[in-house]
Amino acid sequence: MYLLIPAAGSGRRMGSDRNKLLLPLLGDPILAWTLKAAVAARSIHWIGIIGQPHDWQEFKAIATRLDIIKLVHFIPGGSTRQESVYNGLKALPAIADRVLIHDGARCLATPDLFDRCAEALQVHAGLIAAIPVKDTIKVVDPGSQLILDTPDRRQLWAAQTPQGFHVDDLKACHAEGQRNGWDVTDDAALFEQCGRAVKIVMGEDTNLKVTTPVDLAIAELILTQRRSQG
Ligand code: C5P
């Protein structure tokens, strides 16, 4: 299975002046944890890391330390996640017919989750890892800050990555999105807007996206616990 890892963001919400994926987490950069899980998955045999060229040297050093430099390919990122993934899709080898996309910032996803998504991609042309929401979600008017709606929680799922797609279908949806100026935060949203079906694969409670310093502290706790459990 081909895997694209968008890793071309900044550290703005982390309060960092550099790519948050290079920040240390239990002694290793965040991206190293993501890569370790991906290479431990049985299904993954090709990894494209999408990054800003000024980070490549450090990315390459991480891949060298993990002894996976032959497995990984470096692809230039764009100014949004959407642009970065589109660059990644265009850089896939011509024979790649299916692809998983996994945010570099989700460094706690397990190898098993990658493998379950890869397996489901044999049956479905579009899928995402997701978990049922635990909180009650409100739709709020951004101006007045008054609640507009309380959707039925039983229908709400929190989207995660990996997300998996047939490559030609997702490329077509990205092209359509670019033509129409669609601005989305995940790839499934493009698939949905193109009228295509997206299947849910049960995600993991611990598969959080490291976005703020609090997330980093929680990630450290979870990894420490995993270590002590062997
Ligand atoms: O900012 P956020 O954490 O939501 O970004 C999700 C993922 O997309 C991160 O792994 C980040 O590195 C990546 N990204 C990207 N290109 C951008 C912005 C974000 O690859 N221009």
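Residues numbered from 1 in each chain as written. Predicted model: local features only at pLDDT ≥ 70, side-chain atom pairs only at ≥ 80, totals over all residues. Heavy atoms only, no water.

Asker: Explanation requested: the pairing of strand E7 (residues 126–132) in the structure shown.
Answerer: Walk down a regular strand and you will see the side chains alternate between the two sheet faces. Of all seven residues in E7, six are buried; the element is thus mostly enclosed. Bridge count for E7 against strand E10 (residues 157–166) is six bridges, and the pairing is antiparallel. Of the residues in E10, the one forming a bridge with Gly-126 is Phe-165. Of the pairings in the sheet, the one linking E7 to strand E11 (residues 199–202) comprises four bridges and is parallel in character. Bridge pairing in E11 places Ala-129 opposite Val-201. (Buried < 20%, exposed > 50% of the residue type's maximum accessible area, 1.4 Å probe, protein only. Helix = DSSP H or I, 4+ residues; strand = E, 2+ residues; numbered from the N terminus. Pairing = 2+ DSSP bridges.)

Asker: Whenever I open this one, the pattern of salt bridges confuses me. Can you help?
Answerer: In a structure, side chains of opposite charge can pair up when their charged atoms sit close to one another. Using the criterion set out here, one finds 10 salt bridges in the structure. As a salt-bridge pair, Asp-28 and Lys-36 come within 3.0 Å of each other at their nearest N and O atoms. Given a relative accessible area of 21%, Asp-28 falls into the partly exposed group. The exposure class of Lys-36 is partly exposed, given its relative accessible area of 29%. Across the salt bridge formed by Arg-81 and Asp-187, the nearest N and O atoms sit 3.0 Å from each other. (Salt bridge = Lys/Arg side-chain N within 4 Å of Asp/Glu carboxyl O.)

Asker: Honestly, the environment of Val-39 in this entry has me stumped. Any pointers?
Answerer: Checked against the element boundaries, Val-39 lands in helix H1 (residues 30–40). Relative accessible area serves as the criterion here: at 31%, Val-39 is assigned to the partly exposed category. With 72 residues separating them along the chain, Val-39 and Pro-111 place their C-alpha atoms 7.8 Å apart. Beyond its immediate sequence surroundings of up to four residues, Val-39 is in contact with Ile-47, Ile-68 and Leu-71. (Contact = heavy atoms within 4.5 Å.)

Asker: What am I meant to see in the packing of aromatic side chains here?
Answerer: How two aromatic rings sit relative to each other is given by the distance of their centres and the angle of their planes. Inspection of the entire model under this criterion finds three aromatic pairs. When the centroid spacing of 6.4 Å and the interplanar angle of 50° are considered together, the rings of Trp-56 and Phe-74 count as tilted. Taken together, the residues span a long stretch of sequence, with Trp-56 in helix H2 (residues 56–65) and Phe-74 in strand E5 (residues 72–76) at a distance of 18 residues. Here Lys-90 stacks its cationic end above the ring of Tyr-86, 3.9 Å away from the centre of that ring. (Phe/Tyr/Trp six-rings, centres within 6.5 Å; stacked < 30°, edge-to-face > 60°. Lys NZ or Arg CZ within 6 Å of the ring centre and 35° of its normal.)

Asker: Can you walk me through the packing of helix H3 (residues 81–91) against helix H5 (residues 167–180) in this structure?
Answerer: Helix-helix packing is characterised by the crossing angle of the two axes and by the distance between the axes. Relative to each other, H3 and H5 sit at 140°, their axes nearing to 10 Å. One element, H3, and the other, H5, form an angle in the oblique class. Where H3 crosses over H5, the two elements pack in a sense that is left-handed. Contacts between H3 and H5 pair Gln-82, Val-85, Tyr-86, Leu-89 and Lys-90 from the former with Leu-170, Lys-171, His-174, Ala-175 and Gln-178 from the latter. (Axes fitted to C-alpha atoms, helices over the stretch in contact; angles between N-to-C directions. Parallel < 35°, antiparallel > 145°, perpendicular 65-115°, else oblique. Left-handed = near helix turned anticlockwise from the far one by under 90°.)

Asker: Please explain the sheet that holds strand E4 (residues 46–51) as it appears in this structure.
Answerer: Whenever strands of a sheet pair, they do so through backbone hydrogen bonds, lying parallel or antiparallel. With respect to topology, seven strands assemble into an open sheet ordered E5-E4-E1-E6-E10-E7-E11, the strand pairing being mixed. Each edge of the sheet is formed by a strand with only one pairing partner; in this case those strands are E5 and E11. When the angles between neighbouring strand axes are averaged without regard to direction, this sheet yields 30°. Lying on the sheet, H1 is in contact with strand E1 (2–6) and E4; it crosses E4 at an angle near 160°. Contacts from H5 reach strand E6 (98–101) and E10 within the one sheet, and its direction differs from that of E10 by about 115°.

Asker: Mind showing me how you'd approach the site of the ligand here?
Answerer: Taken together, 16 residues lie near the ligand, and Pro-6, Ala-8, Lys-20, Ser-84 and Lys-209 sit nearest. Gly-78 is positioned with one of its backbone polar atoms (N or O) 3.0 Å from a nitrogen atom of the ligand. Contact between the ligand and Ala-105: an oxygen atom at 3.3 Å from a main-chain N or O atom of the residue. Starting from 460 Å² of accessible surface for the ligand in isolation, the protein chains cover 85%. Split by residue class, the shell around the ligand holds five nonpolar, six polar and five charged. (Near = heavy atom within 4 Å. Polar contact = N/O pair within 3.5 Å; in protein donor to acceptor, adjacent residues only side chain to side chain. Areas by Shrake-Rupley, 256 points an atom, 1.4 Å probe, with all protein chains shown as cover. Nonpolar A, V, L, I, M, F, W, Y, C, P; charged D, E, K, R; others polar.)

Asker: Just checking my understanding: could you explain the environment of Gln-193 for this structure?
Answerer: Note that Gln-193 resides in helix H6 (residues 187–193). Spatially, the C-alpha atoms of Gln-193 and Lys-171 are 13 Å apart, while their sequence positions differ by 22 residues. Beyond its immediate sequence surroundings of up to four residues, Gln-193 is in contact with Trp-182 and Val-184.

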